[in-house]
Amino acid sequence: MRPHAIVGPDDRVLLPRLLRAVRTGRVPLPAGGTARVELTDVRDVAAALIAAADAAPTEVNVSGGVALPVRDIVARIAARLRPDARIVALPRPIALAGAAMLEAIGRITGREPVVTRYGIMALGWSRTFDLSHARDALGWMPRIAPIDAIDHALDARCAA
């Protein structure tokens, strides 16, 4: 199973970082958020794992099946938390260099960096996936739209 960009109420990777940035009012994004990514609802990942339990061993991509510009994902979060938040476009090389510096500081201080090079690569370059093998081998396709995944995660976090 190769799930990509899992989003859910207990997400500890992608969503918390985006929420933190939105709450500051300034969201620095590589290439201004033009990259397209496929978010995957955690409930779809669970359904894919259940389908895989009854299938022959194989490798499959698992994603939400819809590529959204990162800018649109941030706008969805901002609409709920801080409508005045604005995106600040960063050139990809500068974003990567900044993340590398934050990682180095994190190693020295023992603190988790606000952003990592992996995070910059995940949000700075488009990544889409062919889900036909998951459909053919597991009988699985995503059921939850990425926008609904964001809303579900935000609803759970705001209720907590």
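What you are looking at is a predicted structure, and each value in this text was computed from that prediction instead of being measured. (Residues numbered from 1 in each chain as written. Predicted model: local features only at pLDDT ≥ 70, side-chain atom pairs only at ≥ 80, totals over all residues. Heavy atoms only, no water.)

## Considerations on the packing of aromatic side chains
Here the structure, examined in full by the defined rule, presents zero aromatic pairs. Taking NZ or CZ as reference, Arg 92 lies 5.0 Å from the ring centre of Trp 125, over its face. (Phe/Tyr/Trp six-rings, centres within 6.5 Å; stacked < 30°, edge-to-face > 60°. Lys NZ or Arg CZ within 6 Å of the ring centre and 35° of its normal.)

## Overview of the environment of Ala 145
Its location among the elements puts Ala 145 in the loop between α6 (132-138) and α7 (146-159). Looking at Ala 145, the relative accessible area reads 35%, which means it is partly exposed. The spacing of Ala 145 and Cys 158 is 13 residues in sequence and 20 Å in space, taken between C-alpha atoms. (Helix = DSSP H or I, 4+ residues; strand = E, 2+ residues; numbered from the N terminus. Buried < 20%, exposed > 50% of the residue type's maximum accessible area, 1.4 Å probe, protein only.)

## Concerning helix α3 (residues 70-81)
Counted at 1.5 Å a residue, the expected span for α3 with its twelve residues is 16 Å, and the 17 Å between its end C-alpha atoms agrees. When α3 is considered as a whole, its buried residues turn out to be Val 70, Ile 73, Val 74, Ile 77 and Ala 78. What you see down the axis of α3 is that its buried residues fit within an arc of 130°, all on one side. (Expected span 1.5 Å × (residues − 1). Arc of directions from axis to C-beta.)

## Some words on empty space enclosed by the protein
On inspection of all chains with the given rule, the structure shows one cavity of 30 Å³ or more. Of the volumes computed, that of the largest cavity is approximately 40 Å³. If you go around the largest cavity, the residues you meet are Val 7, Leu 14, Leu 15, Leu 18, Leu 39, Ile 73, Ile 77 and Ile 150. Elements that contribute at least two residues to the lining of the largest cavity include exactly α1 (14-24) and α3. Element by element, the count of residues in the lining of the largest cavity is highest for α1, at three residues. (1 Å grid on protein atoms, 1.4 Å probe; cavity = no way out; pocket = protein on both sides within 12 Å on 5 of 7 lines; lining within 4 Å. Points joined across faces, edges and corners; volume = space filled by probe spheres on them.)

It is worth stressing that arrangement in space is one thing and function is another; only the former is reported here.
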